[in-house]
Amino acid sequence: MMLDVNGMQLHYDRHGEGTPLLWLHGGMGHGPDWRFVFPSEPAGYQLIAPDLRGHGRSTGAGPIYSFRQSALDVIGLLDHLGIDRIELIGLSGGGITALHLATIAPARVHRRVVVSAPPRFPAQARAIQRRFSLEALSETERTQMRERHRREGQLDLLLAQVRAFADGDDPNFTSADLARITADTLIVFGDRDPLYPVELAVELREAIQRSWLWVVPNGGHGPIFGAAAPRFAQTALSFIAGTEQFAGERT
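Below is a summary of the structure that appears in this document. The structure presented is a predicted model; accordingly, all values stated were derived computationally and were not measured.

**Some remarks on the overall build of the protein chain**
Consideration 1: If you tally the helices and strands in the protein chain, you get eight helices and eight strands.
Consideration 2: Here the C-alpha radius of gyration of the protein chain, 17 Å, is about what a compact globule of 251 residues would show, namely 18 Å.
Consideration 3: Along the first, second and third principal axes, the C-alpha atoms of the protein chain reach 50 × 40 × 35 Å.
Consideration 4: Counting only residues that meet the buried cut, the protein chain has 55% of its 251 residues in that class.

If you want it as C-alpha cells, here you go:
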C-alpha cells in the first residue's frame, strides 16, 4: 500500500491481526527485511512494515537523509492508520528513527526494541561512512541492494546519503532528549560492532529511564540475523509482551 505523506510516497505492508507492531528496517534495507528475523508473521500482532523514505518502493530521497524526518513520516503513517500507540522494533537506522519517534511523540510508543542504534555517530563510524560504496559489500549484498532499490539512480543516491552521514549531525541526542522517552526500551548491541562501541549502548541505558541492555557476545552490527535470529525473535517478543523477565527494575 502507498501513502502520500510529507511530500513523498510511503510504501508499507501490513501482516496479521492484533496489537500493532511496527518494524523499522535498517539503512539500505526495506520493509520485508523482517522476514530475516521472523520465519512467519508474529502471532497476535498486526505487523506494519514501511519502506522508509527513499528506500525500496518509497520515494522522497534527497542528498541528505534525516532520521528525524523519517520519524515524522512514520507518525503520518500511524495517523493515517488510526493507530494511537504501537509496539516497535527498529534496526540500526530504523532504531535511530525509533529514538526520534519516542522523543517527538512519547505517548505513541508503548514498548520498543532498538538494535544497533547510537545516540550519535562516533569517529569510527564516520570513517566507514565516508568511504562507503558498493565495492565495500559482498556480491550477495550488492545483489540484494539492487533488488531492493530498483528505480534509476535510487541506489546511488542512498549510497551518497550514507557517505554524507560522516559530516552530518543527525543523530545527535543529548541525555535530556533521551530522558523524555517514556517507553519501555530494550537496547540491543553487539560487542564487536565495527560502527558503534558498546559504550554508546550504556549511554542510552543510563539516559532512558525504563531501559534494559542486552549486549550480544561476539555480535557485530545488527546481531539479530542468521543463527542469532531465533533467540532475538523470542527475546524481543517476550519484551514487547511485558513478561516477568523484564518486570520491575531494569537490569
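**Quick notes on the packing of helix α1 (residues 67-81) against helix α2 (residues 93-104)**
Consideration 1: In the contact formed by α1 and α2, the axes pass within 8 Å of each other and the chain directions differ by 70 degrees. With respect to α2, the axis of α1 lies roughly perpendicular. Note on packing geometry: the crossing formed by α1 with α2 is right-handed. Counted together, Phe67, Arg68, Ser70, Ala71, Leu72, Val74 and Ile75 of α1 and Gly93, Ile96, Thr97, His100, Leu101 and Ile104 of α2 form the full contact between these two elements.
Consideration 2: A per-class count over the contact of α1 with α2 returns eight nonpolar, four polar and one charged.

**What to know about the layout of surface pockets**
Consideration 1: In this structure, the largest pocket encloses a volume near 970 Å³.
Consideration 2: For the largest pocket, the lining is made up of 38 residues, of which Gly27, Met28, Ser92, Met145 and His221 are closest to its centre.
Consideration 3: Of all elements in the fold, only α2, α3 (123-130), α4 (139-148) and α5 (154-165) reach the threshold of two or more residues within the lining of the largest pocket.
Consideration 4: Per-element accounting of the lining of the largest pocket gives the leading share, five residues, to α4.
Consideration 5: Partitioned by chemical class, the residues of the lining of the largest pocket number 20 nonpolar, 15 polar and three charged.

Definitions and limits used
- Residues numbered from 1 in each chain as written.
- Predicted model: local features only at pLDDT ≥ 70, side-chain atom pairs only at ≥ 80, totals over all residues.
- Heavy atoms only, no water.
- Helix = DSSP H or I, 4+ residues; strand = E, 2+ residues; numbered from the N terminus.
- Rg over C-alpha atoms; globule rule 2.2 N^0.38 Å.
- Buried < 20%, exposed > 50% of the residue type's maximum accessible area, 1.4 Å probe, protein only.
- Axes fitted to C-alpha atoms, helices over the stretch in contact; angles between N-to-C directions.
- Parallel < 35°, antiparallel > 145°, perpendicular 65-115°, else oblique.
- Left-handed = near helix turned anticlockwise from the far one by under 90°.
- Contact = heavy atoms within 4.5 Å.
- Nonpolar A, V, L, I, M, F, W, Y, C, P; charged D, E, K, R; others polar.
- 1 Å grid on protein atoms, 1.4 Å probe; cavity = no way out; pocket = protein on both sides within 12 Å on 5 of 7 lines; lining within 4 Å.
- Points joined across faces, edges and corners; volume = space filled by probe spheres on them.

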